[in-house]
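A structural walkthrough
Below, each chain spelled out in residue letters.
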Amino acid sequence: TLPTAQAAPRVVAPADGTIIAPDPDIPAARQLMLVRADAPQATRVCLKLGNQSLAPCGVRQTLVRLPPPGRHQIRLETVDGALLAQATVEVRGVPR
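These remarks concern the structure in this document. (Residues numbered from 1 in each chain as written. Predicted model: local features only at pLDDT ≥ 70, side-chain atom pairs only at ≥ 80, totals over all residues. Heavy atoms only, no water.)

With that settled, consider the nonpolar core. Met33, Val35, Leu47, Leu54, Ile74 and Leu76 are the most contacted members of the largest nonpolar core, which has 18 residues in total. The element contributing the most residues to this core is strand β8 (residues 83-91), with four residues. Setting aside residues up to four positions removed in sequence, Met33 forms contacts with Pro14, Ile20, Thr62, Leu63, Val64, Leu66, Pro67 and Ile74. (Core = buried A, V, L, I, M, F, W, Y, C linked by side-chain atoms within 4.5 Å. Buried < 20%, exposed > 50% of the residue type's maximum accessible area, 1.4 Å probe, protein only. Helix = DSSP H or I, 4+ residues; strand = E, 2+ residues; numbered from the N terminus. Contact = heavy atoms within 4.5 Å.)

This next bit is on the sheet that holds β8. Strand order in the open sheet formed by five strands is β2-β8-β7-β4-β5, and the pairing between neighbours is mixed. The open sheet has two edge strands, β2 (18-20) and β5 (52-53), and neither has a second partner. Pairing of strand β7 (residues 70-78) with β8, which is carried by eight bridges, proceeds in the antiparallel orientation. Following the sheet pairing, His72 is matched in β8 by Val89. (Pairing = 2+ DSSP bridges.)

Topologically, Arg75 is positioned in strand β7. A polar contact is formed between the side chain of Arg75 and the side chain of Glu77, at a distance of 2.7 Å. Apart from the residues within four sequence positions on either side, Arg75 is in contact with Cys46, Leu47, Lys48, Gly50, Leu83, Ala85 and Gln86. (Polar contact = N/O pair within 3.5 Å; in protein donor to acceptor, adjacent residues only side chain to side chain.)

All right, on to the environment of Val91 then. Of note, Val91 is situated in strand β8. The buried category is assigned to Val91, whose relative accessible area is 4%. Not counting the four nearest positions on each side in its chain, Val91 is found in contact with Ile20, Pro22, Pro67, Pro68, Pro69, Gly70 and His72.

Pasting the structure below:
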């Protein structure tokens, strides 16, 4: 087999520009967001929401509670904090 070119690290889920509208009929604690990264196996990456770690470094997929309403950056960083990729998501407020 021929070696394949390694793709650049990226945030796969949620996609950049995703708008999330929480369901008012579901308790907030049960509304989760899948966060998943794609990076070469040899690259140890960290998933963050802003500056907050979402999982231990090396974990490439996790379920997290929805952040509060507003725009948020999901960051894919090296263990040293260098930014590899990011995606912006917007969480809408729950209608009353």
